[in-house]
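Notes for the structure review
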Amino acid sequence: MVIKYYATLRDITRTKEETWQSPTPTLQDLLNALCNKYGSTFQKWVSCENGGYGCLSIFLINGQDYRSLNGLQTQLNQTDIISIFPPIAGG
Amino acid sequence: MMFGWTGVILRVNLTNGEIKKEPTNMQDARLFIGARGLASKILSDEIDPKIDPLSPANKLIFAPGPLSGTMAPSMGRYNVVCKAALNGVIAASNSGGSFGPEVKFAGYDMIIVEGAAKKPVYLWIFDDEVEIRDASDLWGKNVPDTTDAIRAVTDEDAKVACIGPGGEKKVLFANIMNEMHRAAGRSGVGAVMGSKNLKAVAVVGTKPIEVADPEAFEKAVIDARKKISEHPVGGTGLRVYGTDVLVNILNGVGSLPTRNFHDGYFPSADKFGGETLTAKYLTRPKGCFSCIISCGRVTKVTNPKYAGEGEGPEYETAWGFGSDCGVDDMDAITKANYLCNELGIDTITCATTIACAMDLYESGYITLKDTGGLAIPFGSAENMVKLVEMIGNREGFGDQLAEGSYRLAKRYGHPEFSMTAKMQEMPAYDPRGVQGIGLHYATSNRGGCHVRGYTISPEVLGVPFKVDQHATEGKPQLVKTFQDLTAALDSTGSCLFATFGIGADELAALLSAVTGVHYSTEDFMKAGDRIWNLERLFDLKAGFTGKDDRLPDRIMKEPIQTGPSKGEVSHLDKMLPEYYKLRGWDTKGVPTEEKLQELSLI
């Protein structure tokens, strides 16, 4: 699958996107693996104050918000495109 | 002693040169707060909504709010209120910087300009001293040159709000620029200023703003500053990337309008997103008066073809000159932004009118003969930039585009090509992919507009909570709540972006501490409801009806073609009846007598 990073996550991962081939059956598994790979700075942006992931960060699976799918337990496929945004806003 | 409000309104009649200072009606001030609300009440009382907006009968009101100029965070906004040149609705065009607070420091709750001068003039205000001065030598100058020239003969620290050539030539979407780069952008308020031969208002104020309960105010300010600065969006996100960071998320969810709303997805959008802007163009971030967010972008383009320096682009501008015109050249997009600011024209309506022209051109309804030999298929970045100058100066084909997309498309026999609600161009969120914002566009009292009911926050960004962007359930209540909150917030002098950290509770506490008038959260939201209904009544009297609460057929019938929202159309008809009911309006969209009594509007 392809993982795309935006805003400050590009600075942390030093890439706009990467191809991911390790087995990560669910979104939660993938986020666990990415936090291991990129460390606490990455984890700070994608996790919640009280643990877990999400809250103000946004995860899209093929353009669909993970909360409108099966949340962190959404099953991932090798053909998926995962987009990860830290908290952002504008107008 | 007055607290928050100064208790004085400055009234200037340009027809006879009369300058008056009047007491603010404090009963109305309590009900309508200030800025957008109180100025709209005065406009509604003083003009016939059916007048020609470019006639001397229209009035132009510069209105800060009771919190403007205080040390509450992000209180740099003011509103320009008049009947709109572009579409005849009640206009309240909102701008930041320091002009609004300076009006307060000079001692005024607002400045009402009426009539029209026989020759170009500008208004010079130094506290109690007010002069109407000759501006013949300023006429024809662009915004930066006008600002510099006025500062040179008045005060180097004067806060100047002025029009450029766009306003002078009554481009129907001309804006009013203050401090060179901040825009009261929408509805054509600059054309109204031009119709009055008023080139600028320059202000220096030295008076303090009295606060009723300093102890409660300090506590409320500390609370609000903490909540805004600790919020990931207000505290860091907007400062680092600016509003343009939205390009990728809106494209990511398939709701970035593309090629005049033919699509909602643009594959190369990243080229003009906030990440690119920050990496390649940003010189420094910039904040308005008392702002702790600093979302403003001071930028530079080095490419000789489009070289320049200025501020922007914001998200709306990057989208308009970007995907909506089928362009991904950030140099050209930024240059188009600079030119709009210098000429004094609204970037959203300018860009989307060019997109409409490109659409008509590709469909064969506009030819090279019409454009004066300018080829304008989607994606023609160079000619897009040329058109901006032609529009601002009303030259050649630009003279037709200076009337906005509604009149342009109608002129060529295809009004369905105009992506407007109530004749004002829709902004950068595709209402087919985000249902609530579509209901807001259709019902907004100033036509296509995002900032008066920014449901994108929960529908896409998940702030303060997440709702499904594609669902219609619950959206009428969401839209009403956001519209009411924003109407009240706009009336205080606060920036909308403060709401990424604070809400009605904190704003009501700040307002109460400053003015000494107790506003509960319910009072604050009810004031917003009252202001919304007041504006609705103006529009109804101006000739609009419930039938105008519509979106273009393209949005209702033609699905998004590609990307994550492929296949979606707007389901406005499912939401509108419930919205009317929640508003207390009849089935035709008219406020009931009972509702108007509840809001003290009759």
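Residues numbered from 1 in each chain as written. Chains lettered and ligands numbered in written order. Predicted model: local features only at pLDDT ≥ 70, side-chain atom pairs only at ≥ 80, totals over all residues. Heavy atoms only, no water.

Per the secondary structure count, chain A includes two helices and five strands. N-terminal to C-terminal, the α/β element order of chain A is β-α-β-α-β-β-β. Reported as C-alpha extents along the three principal axes, the dimensions of chain A are approximately 30 × 30 × 25 Å. Taking all 91 residues of chain A together, the buried fraction comes to 55%. (Helix = DSSP H or I, 4+ residues; strand = E, 2+ residues; numbered from the N terminus. Buried < 20%, exposed > 50% of the residue type's maximum accessible area, 1.4 Å probe, protein only.)

All right, on to unusual backbone geometry then. Residue and element names in this part refer to chain B. With omega at 5°, the peptide bond leading from glycine 312 into proline 313 counts as cis. With respect to the helices and strands, proline 313 occurs in the loop between strand S15 (308-311) and helix H11 (315-321). For the peptide bond that leads from valine 463 to proline 464, omega is 0°, which places it in the cis range. Counting through the fold element by element, proline 464 comes out in the loop between helix H19 (456-461) and helix H20 (475-490).

So, about the pattern of salt bridges. Residues and elements named next belong to chain B. If you walk through the whole model with that rule in mind, you get 41 salt bridges over all chains. Residue lysine 305 pairs with glutamate 382 through a salt bridge whose shortest N-O separation is 3.2 Å. Taken together, the positions of lysine 305 in the loop between strand S14 (296-301) and S15 and glutamate 382 in helix H15 (residues 381-392) put the pair 77 residues apart, joining distant regions of the chain. Note that glutamate 535 is salt-bridged to arginine 452, the shortest N-O span being 3.9 Å. With a gap of 83 residues between them, glutamate 535 in helix H22 (residues 521-542) and arginine 452 in the loop between helix H18 (435-443) and H19 connect regions that are remote in the sequence. Accessibility classification places glutamate 535 together with arginine 452 in one group, the buried group. A single salt-bridge network, built from bridges that share partners, covers Lys480, Asp484, Asp529, Arg583, Lys595 and Glu598. (Salt bridge = Lys/Arg side-chain N within 4 Å of Asp/Glu carboxyl O.)

This part is about the confidence of the model for chain B. When pLDDT is averaged across chain B, the result is 97; 100% of the residues are at 70 or more. The spread of mean pLDDT over the elements of chain B runs between helix H8 (residues 232-241) of chain B, the lowest at 83, and strand S12 (residues 198-204) of chain B, the highest at 99. (pLDDT = per-residue confidence, 0-100.)

Quick look at the sheet that holds strand S2 (residues 17-19) of chain A now. Residue and element names in this part refer to chain A. The sheet built from five strands is open, its strands ordered S2-S1-S5-S3-S4 with mixed pairing. Edge positions in the open sheet fall to S2 and strand S4 (64-65), since each of these has one partner strand only. The sheet contact formed by strand S1 (residues 2-5) and S2 spans three bridges and is antiparallel. Bridged to valine 2 within S2 is threonine 19. (Pairing = 2+ DSSP bridges.)

Before going further, it helps to spend a moment on the state of the cysteines. Scanning all chains against the criterion turns up one disulfide over all chains. A disulfide bridge connects cysteine 48 of chain A with cysteine 55 of chain A, and the sulfur atoms are separated by 2.0 Å. For the disulfide bridge between cysteine 48 of chain A and cysteine 55 of chain A, the dihedral angle about the S-S bond is near 110°, and by the sign convention the bridge is right-handed. Taking relative accessible area as the criterion, cysteine 48 of chain A reaches 14% and is therefore assigned buried. By relative accessible area, cysteine 55 of chain A is classed as partly exposed at 43%. Counting only cysteine sulfurs, cysteine 449 of chain B is the nearest neighbor of cysteine 82 of chain B, a cysteine outside any disulfide, at a range of 15 Å. The cysteine cysteine 325 of chain B is free of any disulfide, with cysteine 350 of chain B supplying the nearest cysteine sulfur at 8.5 Å. (Disulfide = S-S within 2.5 Å.)

Time to look at the packing of aromatic side chains. Residue and element names in this part refer to chain B. Applying the stated criterion to the full structure yields 18 aromatic pairs over all chains. On the numbers, 6.4 Å between centres and 55° between planes, the contact of tyrosine 579 with tyrosine 580 is tilted. Each member of the pair tyrosine 579 and tyrosine 580 is classed as buried. Measuring from ring centre to ring centre gives 5.8 Å for tyrosine 579 and tryptophan 585, while their planes differ by 85°; the resulting arrangement is edge-to-face. (Phe/Tyr/Trp six-rings, centres within 6.5 Å; stacked < 30°, edge-to-face > 60°.)

Another point: helix H12 (residues 330-343) of chain B. All names here are of chain B. Taking 1.5 Å per residue as the helical rise, H12 with its 14 residues ought to reach 20 Å, and the 20 Å between its terminal C-alpha atoms agrees with that figure. Within H12, 13 of the 14 residues are buried, leaving the element largely enclosed by the surrounding structure. Near the N-terminus of H12, the side chain that reaches the backbone nitrogen of aspartate 331, with its oxygen 3.0 Å away, is that of aspartate 329. (Expected span 1.5 Å × (residues − 1). Polar contact = N/O pair within 3.5 Å; in protein donor to acceptor, adjacent residues only side chain to side chain.)

Moving on to helix H2 (residues 27-46) of chain A. With 20 residues, H2 of chain A should reach 28 Å at 1.5 Å per residue; the first-to-last C-alpha distance of 12 Å falls well below that figure. Approximately 135° is the largest bend angle found in H2 of chain A, and it occurs at glycine 39 of chain A. Buried positions along H2 of chain A lie against S1, helix H1 (8-13), S2, strand S3 (58-61) and strand S5 (81-85) of chain A together with H8 of chain B. (Bend = angle between axes of the 7 residues up to and from the residue. Contact = heavy atoms within 4.5 Å.)

Note on placement: asparagine 13 of chain B falls in strand S1 (residues 8-13). One polar contact links the side chain of asparagine 13 of chain B to the main-chain amide nitrogen of asparagine 16 of chain B, over a distance of 3.1 Å.

What follows concerns the domain arrangement of chain B. How big an interface is tends to be reported as the loss of accessible area on association of its parts. Residues and elements named next belong to chain B. Parsing chain B into structural domains produces domain 1 (8-204), domain 2 (242-424) and domain 3 (430-598). Across the boundary between the two partners, domain 1 contributes 36 residues, which contact 32 residues of domain 2. Roughly 2,700 Å² of surface becomes buried between domain 1 and domain 2 when both sides are summed, with 56% attributable to carbon and sulfur atoms. Broken down residue by residue, the surface that domain 1 buries against domain 2 is led by Phe173, His181 and Arg186, which jointly contribute 26%. (Domains from an automatic or database assignment. Buried area = accessible area lost by both parts, 1.4 Å probe.)

Below, the discussion takes up the sheet that holds strand S13 (residues 282-286) of chain B. Residues and elements named next belong to chain B. One open sheet holds the three strands; their spatial order is S13-S14-S15, and the pairing between them is antiparallel. Each edge of the sheet is formed by a strand with only one pairing partner; in this case those strands are S13 and S15. Geometrically, the sheet is characterised by an average inter-axis angle of 10° between neighbouring strands, direction not taken into account. Summarising the sheet, S14 and S15 pair through four bridges and their orientation is antiparallel. Bridge pairing in S15 places lysine 300 opposite glutamate 309. Against the sheet, H8 makes contact with S13 and S14, and its axis sits at roughly 20° relative to S14, the strand it touches most. (Axes fitted to C-alpha atoms, helices over the stretch in contact; angles between N-to-C directions.)

Our focus in this paragraph is the packing of helix H2 (residues 35-46) of chain B against H22 of chain B. Residues and elements named next belong to chain B. Where H2 meets H22, the axes come as close as 10 Å, and the angle between the chain directions of the two elements is 30°. When the interaxial angle is binned, H2 and H22 end up roughly parallel. Our pair here, H2 against H22, has a crossing hand that is left-handed. Touching Arg36, Gly37, Ser40, Lys41, Leu43 and Ser44 of H2 are Ile531, Trp532, Leu534, Glu535 and Phe538, all from H22. (Parallel < 35°, antiparallel > 145°, perpendicular 65-115°, else oblique. Left-handed = near helix turned anticlockwise from the far one by under 90°.)

Quick look at the pairing of S1 of chain B now. Residues and elements named next belong to chain B. Most of S1 is tucked away: five of the six residues are buried. Relative to strand S2 (residues 19-23), S1 is paired through five bridges, and the arrangement is antiparallel. Bridging across to S2, arginine 11 finds its partner in lysine 20. Turn length for the S1-S2 hairpin, with the two strands adjacent in sequence and antiparallel, is five residues, and the turn residue glycine 17 shows positive phi of about 80°. As judged from the five bridges shared by S1 and strand S6 (residues 110-114), these two strands associate in the parallel manner. Paired with arginine 11 across the two strands is isoleucine 112, which belongs to S6.

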